[in-house]
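# Tertiary structure, described
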Amino acid sequence: MFALASTLLAAAGPTGARAAPTLFETSTKALFPIAAYLALAPVLWFFFRGTWRELDVAAHEHQRKTLASGSYDYRPAVLFVTTALVLTLQEYYGGRDFYENHLKPFLRELEKQGGFGVDLRKWNELYGYGWWAFTRVFGYVAFPMIVWKICFRKDSLLDMGLRVRGFLKHAWIYGLCLAVVVPAVVIVSRAPDFGTYYPFYKQCSRSWFDLAMWEMMYFAQFFALEVFFRGFWLSGLRTTLGSGAIFAMCVPYCMIHYGKPYLEAAGAVVAGIALGSLAMRTKSIYSGFLVHVTVALLMDLLALSHRNALPTSLWGP
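Residues numbered from 1 in each chain as written. Predicted model: local features only at pLDDT ≥ 70, side-chain atom pairs only at ≥ 80, totals over all residues. Heavy atoms only, no water.

### Notes on the overall build of the chain
Within the chain one finds 11 helices and 0 strands. Put simply, the chain runs from its N terminus to its C terminus through helices and strands in the order α-α-α-α-α-α-α-α-α-α-α. Taking the principal axes of the C-alpha coordinates as reference, the chain spans close to 70 × 55 × 40 Å. Buried residues in the chain amount to 44% of all 317 residues. Within the chain, contacts between residues at least 6 apart in sequence are counted, and of these 80% link residues at least 24 apart. In the form shown here, the chain has an accessible surface area of approximately 17,300 Å², with 68% of it arising from carbon and sulfur atoms. Across the chain, the 29 positively charged side chains and the 20 negatively charged ones have centroids separated by 6 Å. (Helix = DSSP H or I, 4+ residues; strand = E, 2+ residues; numbered from the N terminus. Buried < 20%, exposed > 50% of the residue type's maximum accessible area, 1.4 Å probe, protein only. Contact = heavy atoms within 4.5 Å. Areas by Shrake-Rupley, 256 points an atom, 1.4 Å probe, with all protein chains shown as cover. Lys, Arg positive; Asp, Glu negative; His and termini not counted. Charge placed at Lys NZ, Arg CZ, Asp CG, Glu CD.)

Quick look at the structure:
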């Protein structure tokens, strides 16, 4: 939630010309996350200390049995190497540059030949986001699961937070998170620059089809993100690192926010600990996913509404 609040504040802040920040302002901003971590640490400890202890006890017992049998647990090695490969591939081949340099020329040739209804003039931006969403879903979900099933055939992929049984028991967590975040979103959405920041796909106003396609892609990458960091990571390291798996997960989760506002990247640490601990407690990724997509959709709709830019046609011109 700290990461989300930081994103909202960054989006709502002034974007016009202003004087360069002073050394004091820069230092204050740089050190603010440290103060926030110290303030939030007791809260996280109060809510999750029982969960962390249970994880550590179970991991200790697993390690004892593994050492006593003379075997070796390959799960951490497979998981860390897979993660390094996935994030590296996404950095170099999953962005806009790859689309512009390699996929767009291919689509242009298809367009010249009249193939598959390609229309770059109308859909170029959406095609680019489609590639971005595809690389996230394939890299965060398909590839890790294929690797894991090859290496550990007896493991069930449903144990990666994908079981729906017992979800309703923890639905109150979803409601509590929204009760905290939604009012903040509504308040911040009235800031002047909020509407220029969201949605990321700038053609959402053109038609309900544009908006629906964008939200589907947006939701898909949120789901993939939760599967990878709160499912694949935590399930894979639960029996070897215990509660340490949650804090280890926060490192790459924070790093994928590099390039975004500083406070958002720093806030991802707290968000990762909270969402990771919830996922470990509930053995489900769905609460975190539902919070993400509900807030994301609300932010997009509010931004469009405040600038009177909600779509008025189903398909557009």
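Now that the structure has been shown, we can carry on.
### Overview of the side chain of Thr-83
Counting through the fold element by element, Thr-83 comes out in helix α3 (residues 75–93). Among all residues touching Thr-83, those that are not within four sequence positions of it are Phe-228, Phe-232 and Trp-233.

### Brief notes about helix α10 (residues 262–282)
Taking 1.5 Å per residue as the helical rise, α10 with its 21 residues ought to reach 30 Å, and the 30 Å between its terminal C-alpha atoms agrees with that figure. Where α10 ends, the next residue or the one after it, Lys-283, has phi of about 55 degrees, a positive value. (Expected span 1.5 Å × (residues − 1).)

### Quick word on the packing of aromatic side chains
With the rule as written, the count across this model stands at 30 aromatic pairs. Geometrically, the ring pair formed by Trp-214 and Tyr-218 is stacked, given 4.7 Å between the ring centres and 25 degrees between the ring planes. Placement of the pair is Trp-214 and Tyr-218 together in helix α8 (residues 208–241), with a separation of 4 residues, close to one helical turn. Tyr-218 carries the same exposure label as Trp-214, and that label is buried. (Phe/Tyr/Trp six-rings, centres within 6.5 Å; stacked < 30°, edge-to-face > 60°.)

### Re the packing of α3 against α8
Where α3 contacts α8, the two axes come as close as 9 Å, and the packing angle between them is 155 degrees. Relative to α8, α3 is oriented roughly antiparallel. For α3 against α8, the interelement crossing comes out left-handed. Judged by residue contacts, Arg-75, Pro-76, Leu-79, Phe-80, Thr-82, Thr-83 and Val-86 of α3 engage Phe-228, Phe-232, Trp-233, Gly-236, Leu-237, Thr-240 and Leu-241 from α8. Partitioned by chemical class, the residues of the contact of α3 with α8 number 9 nonpolar, 4 polar and 1 charged. (Axes fitted to C-alpha atoms, helices over the stretch in contact; angles between N-to-C directions. Parallel < 35°, antiparallel > 145°, perpendicular 65-115°, else oblique. Left-handed = near helix turned anticlockwise from the far one by under 90°. Nonpolar A, V, L, I, M, F, W, Y, C, P; charged D, E, K, R; others polar.)

### A short note on the pattern of salt bridges
Two side chains carrying opposite charge are able to pair once their charged atoms lie near each other. Applying the stated rule across the entire model yields 10 salt bridges. Here Arg-163 ties to Asp-159 by a salt bridge, and the two come within 3.0 Å at their closest N and O atoms. By relative accessible area, which is 32% here, Arg-163 ends up partly exposed. Looking at Asp-159, the relative accessible area reads 44%, which means it is partly exposed. (Salt bridge = Lys/Arg side-chain N within 4 Å of Asp/Glu carboxyl O.)

### Concerning the packing of helix α2 (residues 23–69) against α10
Two numbers describe how α2 lies on α10: the axes approach to 10 Å, and their chain directions differ by 5 degrees. Taken together, the axis directions place α2 and α10 in an arrangement best described as roughly parallel. Counting all contacts with α2, which are made through Lys-29, Ala-30, Phe-32, Pro-33, Tyr-37, Leu-40, Leu-44, Phe-47, Phe-48, Thr-51, Trp-52 and Leu-55, the residues of α10 involved are Tyr-262, Leu-263, Ala-266, Val-269, Val-270, Ile-273, Ala-274, Ser-277, Leu-278, Met-280 and Arg-281.

### What to know about the environment of Lys-169
Relative to the helices and strands, Lys-169 resides in the loop between α5 (120–151) and α6 (171–188). What makes Lys-169 exposed here is its relative accessible area of 66%.

Don't take any of this as a statement about function, it's just geometry.
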